[in-house]
Amino acid sequence: VQLQASGGGLVQAGGSLRLSCAASGRTFSSYTMGWLRQASGKEREFVAGINWSGGSTRYADSVKGRFTISRDDGKNTVYLQMNSLKPEDTAVYYCASGSRWNSIVSRTTSSYDYWGQGTLVTVSS
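Residues numbered from 1 in each chain as written. Predicted model: local features only at pLDDT ≥ 70, side-chain atom pairs only at ≥ 80, totals over all residues. Heavy atoms only, no water.

Looking only at helices and strands, the protein features zero helices and eleven strands. Tracing the protein from N to C terminus, the helices and strands come up as β-β-β-β-β-β-β-β-β-β-β. The C-alpha atoms of the protein give a radius of gyration of 13 Å, which matches the 14 Å a tight globule of 125 residues would have. Taking the principal axes of the C-alpha coordinates as reference, the protein spans close to 40 × 25 × 25 Å. For the protein, with 125 residues in total, the buried portion stands at 42%. (Helix = DSSP H or I, 4+ residues; strand = E, 2+ residues; numbered from the N terminus. Rg over C-alpha atoms; globule rule 2.2 N^0.38 Å. Buried < 20%, exposed > 50% of the residue type's maximum accessible area, 1.4 Å probe, protein only.)

Another point: the sheet that holds strand β8 (residues 77-82). The strand order across the open sheet built from four strands is β1-β3-β8-β7, with neighbouring strands paired in antiparallel fashion. Of all the strands in the sheet, the pair left with one neighbour each is β1 (2-6) and β7 (67-72). Adjacent strand axes in the sheet meet at a mean angle of 15° when their direction is disregarded. Note that β1 and strand β3 (residues 17-24) share five bridges and pair antiparallel. The partner of Q4 across the bridge, within β3, is A22. (Pairing = 2+ DSSP bridges. Axes fitted to C-alpha atoms, helices over the stretch in contact; angles between N-to-C directions.)

Moving on, we come to the pattern of salt bridges. Evaluated as defined, the whole model comprises five salt bridges. The partner of R37 in a salt bridge is E45, with the nearest N and O atoms 2.7 Å apart. On the accessibility criterion, R37 (5% relative accessible area) is buried. In this structure E45 comes out as partly exposed when scored by relative accessible area, which is 36%. In this structure, D89 and R66 form a salt bridge, with 2.8 Å as the shortest nitrogen-oxygen distance. Of the two residues, D89 sits in the loop between β8 and β9 (91-100) while R66 sits in the loop between β6 (57-59) and β7, which places them 23 residues apart along the sequence. (Salt bridge = Lys/Arg side-chain N within 4 Å of Asp/Glu carboxyl O.)

That's the geometry; what it means functionally is another story.
What follows is the structure, given as structure tokens:
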């Protein structure tokens, strides 16, 4: 399984970014997909997830109402639209593949077994 994340960069507080993650090597449409992040000196944390059908999403409390996860199974791609960015959103963002045929989106990082290389998001104040 290969996951290629892109779209990170430097943005001012209040700005927006859209992350993309292209997947290959697995039947993309069968799996939960997630975005997780790791800030410098901190543990990796769950940000957002979407189940295999796209019918269920889940967000960390810190990003709820500002971030939106979506998926395009025709393109084997998952997206993270990030609005109203804050300096505390600065981190390396990883996309990851989770469980198969599961309607429930896990917030546990260990539930995601394949990870992309990460893309850096820096939010300046």
